[in-house]
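# Report on the structure
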Amino acid sequence: MSHPHLPKFWSRLLQWFCREELFEELQGDLEEAFGENIESFGLKRARRIYRLEILKLMRPSVIKNVPAVRISQLTGNYLITSIRAFKHNPFYIGANILGMALALSIGTIGYFNYRFNDTFNEYFPEATSLYKVNGLRTGESTVGTSPAALAPALNLAGITAFRYHDERIAVKLENQAGTGSGHKLFMEGLSFTDPGFIRYFDLANLNSQPLPALSHGEVYVSDETAMKFFGDPYPVGKLLTVILPNHQERLLTVKDVFPKLPNNTSFRLSIIADFEHLSDFYGMDENSWSNWVDGTFIYAPEGDMTRAVSQMNTYLNVQNQANKDLQISSYRLDNILEWPALEASLHNSAFVPQMHPAAVAGTLGSAIGILLLACFNFINTSIALSGNRLKEIAVRKVLGGNRTSTIAQFILENFLMIGIAVVIALALTYYMIPGYNAMMSYEIIQPDQIPWTTFVYFGLVLVLCVGLMASAYPAFYISKFPSLAIFRNKVVLSGKNRLMTVLLTMQFTLCFYNIFGLLVTADNASYQERLDRGYDLGGVINIPLSQPQQYTALEDRLKQQTDVRQTAGTSSLIGFSFNNHSIGFNGQEYEVAELGVGAGYLETLQVRLINGSMFSQSETNTGEARKEVVINKMLEEQLGGDALNKPVTFNGEKYTVIGVVENFNLRQIMFDNKVKPCMVRLEAPSSYSYATLKVDGLTTDKNRELEALWYELFPQELYGGFLQEDVMQQVRQTNFIMINISTIVATISILISILGLYTLISLIAQKRKKEFGVRKVMGASWQQITHLLGRDIYWILGIAALIGLTGGSVVMNAVFDSIYAYHIDIDLLHYVWPTMIILGIVVSALGYKMMQTSKLNPVEQLRTE
Amino acid sequence: MKGTQLGELQEVILLSILILDEDAYGLKIQQDISERLNRRLSRGALHTALTRLSEKGFVTSHYGGATQERGGRRKRYYALTVSGKASLREMKTLRDEMWSLVPSTQLL
């Protein structure tokens, strides 16, 4: 029984290269040393020593049966021959290496992108024993939040429950070191945690020591936040002030600093305080069943979750009693390694989700596609180039070289080229990572978070896979020809080579597919920009209020500004917030999306009225709030088409339907956010939480002006104004990423394919030199010769277009369906454009070469030998 | 086979085997030398030296007990042959002789 923590790959490596008679002794010694090293240095260092020892065992007296001397002598000769071969064809070889390097760097990025998602939350050493509590709602959805009282109520042996809650809070910092008076304001996330969170998620300080316990008024800050707040990486003992929603202030002391977590974890921890502060800061009763926290986590090393779940389910009654509007039918536990994939679909959950699977698969798919393409091209070029070296091979054979040595020669040459390509690719990747991160808008690839062993393994695997794939076939294929046939010029290695044609077709299939993908994505992006959302996004700005009265003060001042066309107060925002509710109509229940808005809000957003009227004013003449609703067309249809001026019941009260409006989007048009049946309820000014204004020619300057006005009115409050257009942000971002990736992928694939085609044409031209010469002497025109040269290419392009475009439309449709609620339909024009583009590029890139060949003087062609 | 000269490392290894006596197997020799010379000796380097020594006929070896810590693999114990001991002694005599010839003033 081997040591459980022994690096398996390395012990297998040893077994592989080590002589059998030595293995038992050496492996035994190393393993025994490994066990002792764990005791004295810890697991990490013990593993490192073990790996080093094995590397140092790679010496001739240990390595199996390999004729060590012969290898080192021969390699030298192989190398010389390789370099000579490179010198003969610098252009083709250079292009080949460059294409491969580009493909490899895209592959590397695709892999790290995949790895980011794949190792989500693996940063936490105890991840396999940590679970998050989620609640199944009556209905189908799952809620991510849980009652504050749940964790303290759990008391099972071997199980620890703890809570986590996050709030955005204003942080005030007095200016340090006499740099003028005043203070700086920040909006920052403050995480309230039970001690168990720190302990079981293994949060440590900068020296990897456990964080000291927090008492009241103390916080930890991340190293990043420390720099941002204090410009000091270790501000222990320094003070910061938080401003609570009721405008009171609290002074907090920095107790210790922790390193910022990697981005592929569920938490963005910036400031951590003990959980008890929640009741002080927000007046929340931390043992109440009706107060909800962001997350309850469970640490259960035994892995037996059924007991925990059944105990939690005994509290269902208490919890459902306390929360009439949020009934839960049962609790469930999700391991923190699986939870990030669910996160995006959870209700009321604000943790960091995993990337959408389409984003990972898209990048990885493109990367693998490009790598395949580069490999095909590599194989093609290798075969084409070695056609010129047939005589060399024949001479080698005649002089006593065997087939193995010829194969070794070719494989070495190709591995050498791929080795160079990998080095270039690493440099390229290094420059591409910041661009990629900027495109994804947060750091997906954090080189400092990736252990160096991963780089080494990945590089080795890449070189081996790509090297074998790209070099094995040409090596075996070319080395097999008998020397006699070569000398007699009997070997035909022409452009008719079946494999080369198939590979080129595959390359161009990928080209068509990529260009098609790019065009469709770009077209879809402009379609989604133009898409009628049922309201007008342009020129609208929303300003969050901390108190409803602020609206009146703001409105008074805004009235004086001529370019502010309209203002309205509201508590829900179209595009950002709504509630799911049931309403009663004619004795039946309907599920609707419900919004509460102030009078004038719908007009500000230019929602279009179909029937009836909009809200005129919020109060009746006697000062009561009007019980009025406006519904959208979809809801009207559900209610039977005739709901105007009829009553609906909502929360046990009667409301009158006073108007019907066109359907409008309640959210961004991502995923399945299609238009829903919707009811808009008139809200009294006492519950406004946003001021919404429509401004003529809205610019960033205007936003700054509004911000200045805000600070003039409410100097202690943070301005949070944002554009209605932000609702487009995720769609724009996704489209932007897709277009960027498709552009890079399409460009590279076209480049590589053209190179391949160029090589093929040159080869055909060379092989059929005499034939063309004779044809010309007999009177063939250059057009006819060009046609003969291009005949194979027409077929290649035709078949590639057919497969590439069909595949492309199936894949792109599926991708759009999974990402967007609304997207373009693919039509004929989408097929025509890529075809034209590729034909154009092929003609302009190869036309000259083909014409040049066709126009050669036949005498020159025939005189060669 | 290279001559019967002893390299510095080989000499130290032979001495270490003698010191460890019954317990002279790979890992123990490696640790003993690393500790005494205060420099890390890799298992690979030790292996090469031991191979040379057995090629010269200075050491013999036999397999011994397997233990749990070794994943059930046996140890290979090393012992000096008569010629190994002779060569060590020869080395010592040579050195002693040379030491005795060094004028004491040179040692300050």
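Given the structure is predicted, the values throughout are model-derived calculations rather than measurements. (Residues numbered from 1 in each chain as written. Chains lettered and ligands numbered in written order. Predicted model: local features only at pLDDT ≥ 70, side-chain atom pairs only at ≥ 80, totals over all residues.)

Scanning chain B from terminus to terminus reveals four helices and two strands. Along chain B, from the amino end to the carboxyl end, the secondary structure elements read α-α-α-β-β-α. For chain B, the residues scored as buried account for 29% of the 108 residues in total. Of the contacts made within chain B by residues no fewer than 6 positions apart, 47% connect residues no fewer than 24 positions apart. (Helix = DSSP H or I, 4+ residues; strand = E, 2+ residues; numbered from the N terminus. Buried ≥ 20, exposed ≤ 12 C-beta atoms within 10 Å, placed from the backbone. Contact = placed C-beta atoms within 7 Å.)

On the side of chain A, 20 residues touch chain B, which itself brings 16 residues to the contact. Looking at the side of chain B that touches chain A, the elements that each hand over two or more residues are α2 (26-37), α3 (43-55) and β2 (74-80) of chain B. Of all the elements, α3(B) adds the most residues to the side of chain B that touches chain A, at five residues. In terms of residue class, the side of chain B that touches chain A is built from one nonpolar, eight polar and seven charged. (Nonpolar A, V, L, I, M, F, W, Y, C, P; charged D, E, K, R; others polar.)

Glycine aside, residues mostly have negative phi angles, and peptide bonds mostly take the trans form. All names here are of chain A. Phi at S208 is positive, roughly 60°, even though this residue is not glycine. When you line up the elements, S208 lands in the loop between α7 (195-200) and β6 (218-222). Under the C-beta neighbour-count criterion, S208 is labelled exposed, with 8 such atoms within 10 Å. The backbone of Q606 shows a phi angle near 55°, a positive value even though the residue is not glycine.

This part covers the environment of A:D825. Structurally, the position occupied by A:D825 is in the loop between α25 (782-819) and α26 (828-854). For the pair formed by A:D825 and A:S809, sequence separation is 16 residues and the distance between their alpha carbons is 9.8 Å.

Bringing the packing of helix α13 (residues 357-386) of chain A against helix α18 (residues 498-530) of chain A into the picture now. Residue and element names in this part refer to chain A. Two numbers describe how α13 lies on α18: the axes approach to 9 Å, and their chain directions differ by 150°. One way to sum up the angle between α13 and α18 is to call them roughly antiparallel. α18 is crossed by α13, and the crossing has left-handed handedness. Touching G369, L373, F376, N377, I379, N380 and I383 of α13 are M500, L503, L504, M506, Q507 and L510, all from α18. Across the contact of α13 with α18, the residue classes tally to nine nonpolar, four polar and no charged. (Axes fitted to C-alpha atoms, helices over the stretch in contact; angles between N-to-C directions. Parallel < 35°, antiparallel > 145°, perpendicular 65-115°, else oblique. Left-handed = near helix turned anticlockwise from the far one by under 90°.)

Let us now look at the pairing of strand β15 (residues 579-585) of chain A. Residue and element names in this part refer to chain A. Both β15 and strand β16 (residues 588-597) contribute to a ladder of seven bridges, which runs antiparallel. Pairing of N579 across the sheet is with E594, part of β16. Hairpin connection, β15 to β16: the antiparallel pair is bridged by two residues, and N586 has positive phi, about 50°. (Pairing = 2+ DSSP bridges.)

Residue and element names in this part refer to chain A. M100, A103, I370, A374, A421 and F512 are the most contacted members of the largest nonpolar core, which has 83 residues in total. With 17 residues, helix α23 (residues 729-767) is the largest single contributor of residues to this core. With sequence-adjacent residues up to four places away left out, A374 is seen in contact with G99, M100, A103 and I752. Membership of the second largest hydrophobic core comes to 48 residues, among which are A568, F664, A691 and L706. (Core = buried A, V, L, I, M, F, W, Y, C linked by C-beta atoms within 7 Å.)

Between its first and last C-alpha, α25(A) extends 52 Å over 38 residues, near the 56 Å set by a 1.5 Å rise per residue. Along its length, α25(A) shows its largest kink, about 45°, at A:G790. (Expected span 1.5 Å × (residues − 1). Bend = angle between axes of the 7 residues up to and from the residue.)

Should pLDDT be low for a region, the predicted coordinates there are not to be read in detail. When the pLDDT values of chain A are averaged, the result is 84; 95% of them are 70 or greater. Considering each helix and strand of chain A separately, the mean pLDDT is smallest for helix α4 (residues 68-88) of chain A, with a value of 70, and largest for strand β9 (residues 271-274) of chain A, with 94. (pLDDT = per-residue confidence, 0-100.)

Residue and element names in this part refer to chain A. Side chains of strand β7 (residues 239-243) alternate between two faces, with L240 and V242 buried and L239, T241 and I243 left unburied. Pairing of β7 with strand β8 (residues 249-258) involves five bridges; the strand directions are antiparallel. Looking at β8, one finds that L239 is bridged to T253. Linkage of β7 to β8, two consecutive antiparallel strands, is achieved through a turn of five residues, within which H247 is found at a positive phi near 70°.

With that settled, consider the confidence of the model for chain B. All names here are of chain B. On average, chain B scores 86 in pLDDT, and the residues at 70 or more come to 95%. At the low end of the mean pLDDT range in chain B sits strand β1 (residues 59-66), at 86; at the high end sits helix α1 (residues 8-20), at 90. Across the predicted assembly, pTM comes out at 0.66 and ipTM at 0.87.

Attention now goes to the environment of A:W10. All names here are of chain A. Considering the arrangement of structural elements, one finds W10 in helix α1 (residues 8-17). For W10, a count of 17 C-beta atoms within 10 Å gives the class partly exposed. Residues W10 and L55, 45 residues apart in the sequence, show an inter-C-alpha distance of 9.1 Å. Among residues more than four places away in sequence, those in contact with W10 are Y50, R51 and I54.

With that settled, consider α3(B). Its 13 residues place the ends of α3(B) 18 Å apart at the C-alpha level, agreeing with the 18 Å of an ideal helix rising 1.5 Å per residue. Those residues of α3(B) that are buried lie in contact with α2 (20-41) and α3 (43-56) of chain A together with α1, α2, β1 and β2 of chain B. Positioned one or two residues after α3(B), B:G57 has a phi angle of 80°, which is positive.

Another aspect to go through is the environment of A:K776. In this structure, A:K776 sits in helix α24 (residues 769-777). Distance in space between the C-alpha atoms of A:K776 and A:L856 is 9.4 Å, their sequence separation being 80 residues.

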